[in-house]
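As a plain string of letters, each chain reads:
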Amino acid sequence: MSAEALPLARNLERFPELHPPLDAQAALVEANRCLYCYDAPCAAACPTHIDVPRFIKKIASGNLRGSALTILDANILGLSCSRVCPVDVLCEGSCVLHRYNQKPIEIGLLQRHAMDAFYAKSPFLAAGPRPEAPARVACIGGGPASLACAAELRRHGYAVTVFDDRPLPGGLNTYGVAEYKLRPSDSLREVELVRSLGVEFRQAEVGAAVSLDSLDQNFDFIFVGVGLGAMERLGIPGEDRPEVVDALRFIAHYKTSHETHVGRIVVVIGGGNTAIDAANAARRLGAEEVHVFYRRTEKEMPAFPFEYEHAKVEGVQFHWLAQPVEILDRAVKFSATRLAAPDASGRRKAEALPGSEFAFVCDMVIPAVGQGRLMKLLAKSRGIGLDNGLIAVDRPTGRTAHAKYYAGGDCVNGGREVVDAVADGKRAALAMVRRLEISRA
Amino acid sequence: MPDLSTVFAGGIRCPNPFWLASGPPTNCGDQVMRAFDAGWGGAVWKTIGEPIVNVSSRYSSVDWNGQRMMGLNNIELITDRPIETNLREIAEVKKRYPKHAVIASLMVESKRETWHDIVKRSEDAGADGLELNFGCPHGMSERGMGSAVGQVPEYTTMITEWVKEVARTPLLVKLTPNVTDIRAVARAARRGGADGLSAINTINSITGIDLDTFTPRPNVGGASAHGGYCGPAVKPIALHLVQQIASDPEVGLPISGIGGICGWREAAEFILLGCGTVQVCTAAMHYGYRIVEDMIDGLKTWMDEKGFATINDFQGRSLPKITDWKNLDLNYKIVARIHGDKCIGCELCYIACWDGAHQCIHVDAGDRSAITVTPIAKLDSLREGDGKTPPERIPRVDEAECVGCNLCWLVCPVEGCITMEQIDTGKPRESWTERTGAAS
């Protein structure tokens, strides 16, 4: 599949951008508003620690390329992060201006301004010089964690091959982010930037087309950035009916295919950000009614508050304290729930209320109840420890129980943001570089 | 309500001390009448002389932190309209606005008869006073006029004397700042018989260079020439020069203050340093004549608060508070206090003190080993922020090391967060002169 085949025109129309970019004058005014804090809290709040005041002051000084390079130095996916980061809980959330009765600096939009200017000039980045003791690293998975790991390694001169089992690289940035936040074409531009550093991409599934043994033989280190795989199954009768499409498949389909079917009345099951992305997309693709069912309440919902507010504006309807018990023909049978007292982890479990079942009529069901965790092959054959279905690593280095294997991104952190995956990938790359340097010395 | 009406330099009457300075806003009668309608108390007409030819592209400016025109530079010359036209319009303005001050700014070649002629004609047209333009630093100075006169005390005295031979109205000399000691020229004007001074004219400047074409601004067909700088940026320089001549016993003339006045605050400052009227140009060029409304309103409100009934009540009040450094009290001691409840944690004071001052503000380094992740409700037990600055981001002052330089207070973006507090040193007042026994 090529980038040209993407349904860009339809999606531009159906999914116009949520936050339009700043024009040059507005960016200048906003950049000048930044106080240029020392040891700035915004930079500390960024998982990749972008030097925010530095890149903002470079916008103010008219050094847009320097600004972009400052961002990319810390975060190779600065373009997608500028669009998808939940800045309210990250950099902008920590802006000191909150405490000064002022609007925080629009860091996300300023970062986007610098990145857009950078990408407007068919960019490339130079790899680092070839190290004295060359090494080869394989990255499994083509998403943000692997891209960040690969880019960082190339900057230190090491050879990297990314193995990805989808037709296009980029992982969830290409297939899984709501279209009005990030388009696959932009994700692919970032992939091209990583490629310009000299990273080799192979669209081949490890464990099928490529064996783990061959990776072990040909590479010094292996980075696992495979994400979480398919969505978790609901585990209820009727789940295999054709009108049931899990949220990630639904999103990937509309982002990459011209023909996306959507029902007239759509039920989305789950309360996370992906459930909201899917619900909004169903609305924009023509569903008359979209109903989100969550087994707890608004208060426990894991989605960010601004995502919830956005969905209400889109016309999505929310139903609390209900969990599905069976998918019927053109309906979902729910049971009402009540919340038990908080358990050890502080969460309140939802318990079904006997005799409270009801059917809700619909013609499409989108489960969005978290992603499954498919790392069994690695665990079985390489002795990599799993913890609650996630790959267990030493957090500062991303190193697994197997000395040759590192891991990062959703398969380690359980499914966070793009910026968290980038930080994981970068940390793992730097840890590998340190080990290579130590072993040479 | 306070009374702003003013009588300046022995006879120029105006309803308030706000005059438009000689420049583009006073180029013609229509403009000056609209300015008077807006509230201006007087206007110094765009300099009258033999009409000149101007170049195209005349102004350039310095922007700062996203704000336009912090400083303005011009290479425009005096009026390009015939003398008769200007004088006819002065007569018309005076007929319609008899209570407002119209001052004729003049610049002609250095011939006694020529000066006599223009002075008589201006006064016949009804001008309330004369301002001799000895300050214009560009273009005209190359022809032996403007600052070419104002930079030579002897020329200044000579032409002032010529004018006084025939003048019947008060005579002001406008001074150039482009001299080593402005007092020398001010004294020369006094010797020539001037009734008052206008200060300052524009400062020689090159505002900037286009980094694509390498041509300085303003660009006139690929070249530029130095111009005269004015606007908010020059106020501190103007205040100093005004204080110099206002404090000099050998000058002793009324002063019309000019230089970066944008509102009532700057006007009050110039008056506190001795000025009787103030003149404004750049601010009116930037925003129009309407700015005078708040100049009047704001000054009156401030005067009311301070209990001043007239301009005279506070004119020159700050002059005794400027002295030579050698007379300052070496035993006066202040230190910085950071009020943590107001601190927003930007740490600008810390880095300013550390790199730019005396290394007496400290912060405790936070934990750098922690891994930052996006907080997600389902994965993390979220700690609700209380909206307060984390204690580790609030800097501390080592008061024993603090020299009281003010830098932290100047850089702090929050009003009242850092205060400079006086410390009792237990020592009596003592100046450098007193300490060293040198003659004061």
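Report on the accompanying structure. (Residues numbered from 1 in each chain as written. Chains lettered and ligands numbered in written order. Predicted model: local features only at pLDDT ≥ 70, side-chain atom pairs only at ≥ 80, totals over all residues. Heavy atoms only, no water.)

1. Some points on the overall build of chain A
In step 1: Looking only at helices and strands, chain A features 17 helices and 15 strands.
In step 2: A compact globule built from 441 residues would reach a C-alpha radius of gyration of about 22 Å, and chain A, at 22 Å, matches this within 12%.
In step 3: Each principal axis of the C-alpha atoms in chain A carries an extent, and together these give about 70 × 55 × 50 Å.
In step 4: Across the 441 residues in chain A, those meeting the buried criterion constitute 58%.
In step 5: For chain A, the proportion of contacts with a sequence separation of at least 24, taken over those separated by at least 6, is 72%.
In step 6: For chain A, the accessible surface area stands at approximately 18300 Å², while carbon and sulfur atoms represent 52% of it.
In step 7: Looking at charge distribution, chain A has the averaged site of its 52 positive side-chain charges lying 3 Å from that of its 52 negative ones. (Helix = DSSP H or I, 4+ residues; strand = E, 2+ residues; numbered from the N terminus. Rg over C-alpha atoms; globule rule 2.2 N^0.38 Å. Buried < 20%, exposed > 50% of the residue type's maximum accessible area, 1.4 Å probe, protein only. Contact = heavy atoms within 4.5 Å. Areas by Shrake-Rupley, 256 points an atom, 1.4 Å probe, with all protein chains shown as cover. Lys, Arg positive; Asp, Glu negative; His and termini not counted. Charge placed at Lys NZ, Arg CZ, Asp CG, Glu CD.)

2. Observations regarding the packing of helix α8 (residues 144–155) of chain A against helix α17 (residues 418–440) of chain A
If you want to describe how two helices pack, look at the angle between their axes and the distance between the axes.
Residues and elements named next belong to chain A.
In step 1: Where α8 contacts α17, the two axes come as close as 7 Å, and the packing angle between them is 35°. The hand of the α8/α17 crossing is right-handed. Packed against α8, whose contacting residues are Pro144, Ala145, Ala148, Cys149, Glu152 and Leu153, the element α17 presents Val418, Ala421, Val422, Gly425, Lys426, Ala429, Leu430, Met432 and Val433 at the interface.
In step 2: By residue class, the composition of the contact of α8 with α17 is 12 nonpolar, 1 polar and 2 charged. (Axes fitted to C-alpha atoms, helices over the stretch in contact; angles between N-to-C directions. Left-handed = near helix turned anticlockwise from the far one by under 90°. Nonpolar A, V, L, I, M, F, W, Y, C, P; charged D, E, K, R; others polar.)

3. Quick look at the nonpolar core
In step 1: In this structure, Phe55, Ile56, Ile76, Leu110, Leu153 and Met432 of chain A together with Ile418 of chain B are the most contacted members of the largest nonpolar core, which totals 99 residues.
In step 2: Ile76 of chain A has contacts with Tyr119, Leu125, Leu147, Ala148, Ala151, Arg155, Glu190, Leu193, Val194, Leu197 and Val422 of chain A, leaving out every residue within four places of it along the chain.
In step 3: Of all hydrophobic cores here, the second largest spans 82 residues; its members include Phe18, Ala186, Ala194 and Leu241 of chain B. (Core = buried A, V, L, I, M, F, W, Y, C linked by side-chain atoms within 4.5 Å.)

4. Structural notes on the packing of aromatic side chains
Residue and element names in this part refer to chain A.
In step 1: As enumerated under the stated definition, the model contains 21 aromatic pairs over all chains in all.
In step 2: With centroids separated by 5.0 Å and ring planes inclined at 75°, the aromatic side chains of Phe293 and Phe360 adopt a geometry described as edge-to-face. Of this pair, Phe293 sits in strand β6 (residues 289–293) while Phe360 sits in strand β11 (residues 358–361), and the two are 67 residues apart along the sequence.
In step 3: Residue Phe293 is classed as buried on the basis of its relative accessible area, which comes to 2%.
In step 4: Residues Tyr308 and Phe318 carry aromatic rings whose centres are separated by 4.8 Å and whose planes lie at 85° to one another, so their mutual orientation is edge-to-face. (Phe/Tyr/Trp six-rings, centres within 6.5 Å; stacked < 30°, edge-to-face > 60°.)

5. Quick notes on the sheet that holds strand β5 (residues 59–64) of chain B
Residues and elements named next belong to chain B.
In step 1: Pairing is antiparallel in the open sheet, where 4 strands are placed in the order β5-β6-β12-β11. Across the chains shown, the open sheet's two edge strands, defined by having one partner strand only, are β5 and β11 (203–205). If you compare each strand with its neighbour and ignore which way they point, the axes differ by 45° on average.
In step 2: Both β5 and strand β6 (residues 67–74) contribute to a ladder of 5 bridges, which runs antiparallel. Looking at β6, one finds that Tyr59 is bridged to Asn74. (Pairing = 2+ DSSP bridges.)

6. Examining the interface of chain B and chain A
In step 1: Listed as interface residues are 29 residues of chain B and, on the opposing side, 33 residues of chain A.
In step 2: Here chain B packs against chain A, burying approximately 2600 Å² in sum over the two surfaces, 56% of which is carbon and sulfur.
In step 3: Sorting the residues of chain B by area buried against chain A places Ile344, Thr372 and Thr374 of chain B first, and these three jointly supply 23% of that buried surface.
In step 4: The interface formed by chain B and chain A includes 0 salt bridges.
In step 5: For the interface between chain B and chain A, the tally reads 9 residue pairs in polar contact (both at pLDDT 80 or more). (Buried area = accessible area lost by both parts, 1.4 Å probe. Salt bridge = Lys/Arg side-chain N within 4 Å of Asp/Glu carboxyl O. Polar contact = N/O pair within 3.5 Å; in protein donor to acceptor, adjacent residues only side chain to side chain.)

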